[in-house]
Amino acid sequence: MKRVVSVSIGSALRNHRVETDLLGEHYIIERIGTNGDIHKAIDLIKSMDGKVDAFGLGGIDLYLAGADKRFMIKEAIPIVNAAAKTPIVDGTGLKNTLEKNVIETLNRQRVISFNDQKVLLVCAIDRFKMAEAFINMGCDTVLGDLIFALGIPVPIKSLRVFRRVVNVLLPIVSRLPYEILYPVGDKQDADLKSGKFDKYYDEADIIAGDFLYIKKHLPLYLHNKIIITNTVTKEDIDLLKDRGVSILITSTPEFDGRSFGTNVMEAVLVAASGKRPEELNTQDYFDLLKKLNFMPRIEYLNHTEKIDEGKAR
């Protein structure tokens, strides 16, 4: 039996635990939130270090990365250092493989035709490969990093401009308290309904990226929109359905009604490989994903003509 635990500084209300069989072995996969308490996260990791097969780091990334550079997030360092024996990952390796592949597969199999679609990617700093995939397919793409992370209503519409902006800002924002950049603790359960950024949602055909950024300023009406994200709970799905979302796609598969975050799924891959994260490359991740048959989850929330899900496989 293998056990994978995501220790998150996010809300404990989003906790989940499943047991499943993968590659002939039994897995316990669990997410534990600390409601924004970094010290509690450190204590949890220390108490389980060496007793579990892999940790996921949730609610905070180890790095902020743009196209060319990456900077370590100061507040994440003591959390990562708490794991002296058990490998710990933040999901970056999976974002750079699985999420880009999901977009390309959906397009190649004609599940969604991305050409000329208007896409809002709420944050590209942690999903640069997804941003590349959308833009390379001819999507009219808005990168919302300034909007949703910093509250500055300036859309970024090209990778060239994105590179310039993040190369200037990353050294600064990587030293800011993480809660300024990302919802942590009970803020993850907040639904602002402010209407502040409704126009960016309204103009998009597809809304993609981190679900907590998507949810932070979620409009009341999202009729005929497609959401591409991950880490959604049953309550999140009900919320999207009530607001008229047409199709929900999560890059990570469903386990007992829940799609876990990329940090959890990357930890599963590390546990399955039996290697340290630094020993795995992009091809290793692709090979593991193929062996585990991890497929995107497609859910039709308010849609009458269902697309054959087998096309995405």
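Above this note sits the structure.
Now for a quick tour of the structure.

Definitions and cut-offs
- Per chain, residue numbering runs from 1 following the sequence as it is written.
- Per-residue local features of the predicted model are confined to residues with pLDDT of at least 70, and side-chain atom pairs are confined, for both listing and counting, to 80 or more; whole-chain, interface and lining totals are unaffected and use all residues.
- Side-chain numbers come from the whole structure's heavy atoms, not from hydrogens or water.
- Here, patches come from residues exposed beyond 30% relative accessible area and free of salt bridges, joined within 9 Å for like charges and within 5 Å for nonpolar side chains (Val, Leu, Ile, Met, Phe, Trp, Tyr).
- Method for areas: the Shrake-Rupley scheme with a 1.4 Å probe, in which residue coverage is limited to the protein chains shown.
- The salt bridge definition used is simple: a Lys or Arg side-chain nitrogen within 4 Å of an Asp or Glu carboxyl oxygen.
- To qualify as a helix, a DSSP run of H or I must reach at least 4 residues; to qualify as a strand, a run of E must reach at least 2; elements of each kind are numbered from the N terminus.
- Note on classification: 1.4 Å probe, protein chains only; a residue is buried when its accessible area is under 20% of the maximum for its type, exposed when over 50%, partly exposed between these limits.
- Here, two cysteine sulfur atoms that lie within 2.5 Å of each other are counted as a disulfide.
- The arc in question is the one spanned by the directions pointing from the helix axis to the C-beta atoms.
- We call two residues in contact whenever any of their non-hydrogen atoms come within 4.5 Å of each other.
- Counting of polar contacts relies on pairs of N or O atoms within 3.5 Å, with two restrictions inside protein: one atom must be capable of donating a hydrogen and the other of accepting it, and residues adjacent in sequence are counted only when both atoms are side-chain atoms.

1. A word on a nonpolar patch on the surface
Next, step 1: A cluster of nonpolar residues, Leu150, Ile152 and Val154, forms a patch on the protein surface that exposes about 200 Å² of accessible area.
Next, step 2: Mapped onto the elements, Ile152 comes out in the loop between helix 5 (145-150) and helix 6 (159-173).

2. Details of the pattern of salt bridges
Next, step 1: Going through the model one piece at a time under the given rule, you end up with 14 salt bridges.
Next, step 2: With its nearest N and O atoms 2.9 Å apart, the salt bridge here joins Asp236 to Arg14. Residue Asp236 is located in helix 10 (residues 234-242), and its partner Arg14 is located in the loop between strand 1 (2-8) and strand 2 (16-22); the two are separated by 222 residues in the primary sequence. No difference in accessibility class separates Asp236 from Arg14, as the two residues are buried.

3. Observations regarding the state of the cysteines
Next, step 1: Tallying each qualifying case throughout the model produces zero disulfides.
Next, step 2: Cys123 forms no disulfide, and the closest cysteine sulfur to it belongs to Cys139, at a distance of 18 Å.

4. Quick word on helix 1 (residues 38-48)
Next, step 1: Those residues of helix 1 that fall on the buried side of the exposure criterion are Ile38, Ala41, Ile42, Leu44, Ile45 and Met48. The buried residues of helix 1 occupy one face: seen down the axis, they fall within an arc of 160 degrees. Away from the buried face of helix 1 by more than 90 degrees, exposed residues His39 and Lys46 are located.
Next, step 2: Where helix 1 is buried, its residues meet strand 1, strand 3 (25-33), strand 4 (54-58), helix 2 (77-81) and strand 7 (88-89).
Next, step 3: Of the residues that open helix 1, the one with a side-chain oxygen 3.0 Å from the backbone nitrogen of His39 is Asp37.
Next, step 4: Phi turns positive, to about 85 degrees, at Gly50, one or two residues after helix 1.

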